Amino acid sequence: MAEPTTIHSTFVIERSFAKPPERVFAAFADPKQKRKWFVDGRDALDIIAYDLDFRAGGVERFVV
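Below is a short write-up of the structure. (Residues numbered from 1 in each chain as written. Predicted model: local features only at pLDDT ≥ 70, side-chain atom pairs only at ≥ 80, totals over all residues. Heavy atoms only, no water.)

### Concerning the packing of helix α1 (residues 21-29) against helix α2 (residues 31-38)
So, step 1. Interhelical geometry of α1 versus α2 gives an angle of 90° and a closest axis separation of 5 Å. Taken together, the axes of α1 and α2 are roughly perpendicular relative to one another. Listed contacts from α2 to Val24, Ala27, Phe28 and Ala29 of α1 are Pro31, Gln33, Lys34, Trp37 and Phe38.
So, step 2. Here the residues of the contact of α1 with α2 are counted per class, giving seven nonpolar, one polar and one charged. (Axes fitted to C-alpha atoms, helices over the stretch in contact; angles between N-to-C directions. Helix = DSSP H or I, 4+ residues; strand = E, 2+ residues; numbered from the N terminus. Parallel < 35°, antiparallel > 145°, perpendicular 65-115°, else oblique. Contact = heavy atoms within 4.5 Å. Nonpolar A, V, L, I, M, F, W, Y, C, P; charged D, E, K, R; others polar.)

Okay, here's the thing in structure tokens:
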């Protein structure tokens, strides 16, 4: 049988920002800044809680 051509355990999302990489990384690492990008102002969602542990092995959690 042929080997599968799709690997379902990985994916890549790419996006370009008009800011230096250090500034973008800092925004992703800071829970208050990342919340502004992804949580605040979303009328369709009633976000109850948002937590971010940006360390290796950490988790990000939205509670809707």
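### Description of the packing of aromatic side chains
So, step 1. In the structure shown here, the tally under the stated rule is one aromatic pair.
So, step 2. Between the aromatic rings of phenylalanine 25 and phenylalanine 54, the centroid separation amounts to 5.4 Å while the plane-to-plane angle is 70°, which identifies the pairing as edge-to-face. Remark: phenylalanine 54 occurs in the loop between β1 (49-52) and β2 (60-63) and phenylalanine 25 occurs in helix α1; sequence separation between them is 29 residues.
So, step 3. Its relative accessible area of 53% is what places phenylalanine 25 among the exposed residues. (Phe/Tyr/Trp six-rings, centres within 6.5 Å; stacked < 30°, edge-to-face > 60°. Buried < 20%, exposed > 50% of the residue type's maximum accessible area, 1.4 Å probe, protein only.)

### Here's the deal with the pattern of salt bridges
So, step 1. This model, assessed by the stated rule, comprises three salt bridges.
So, step 2. As a salt-bridge pair, glutamate 60 and lysine 34 come within 3.0 Å of each other at their nearest N and O atoms. You can see glutamate 60 sitting in strand β2 and its partner lysine 34 sitting in helix α2, a full 26 residues away along the chain.
So, step 3. Classification of glutamate 60 by relative accessible area gives partly exposed; the value is 37%.
So, step 4. The exposure class assigned to lysine 34 is buried, which follows from its relative accessible area of 9%.
So, step 5. Aspartate 53 serves as the salt-bridge partner of arginine 55, at 2.7 Å between the closest nitrogen and oxygen. (Salt bridge = Lys/Arg side-chain N within 4 Å of Asp/Glu carboxyl O.)

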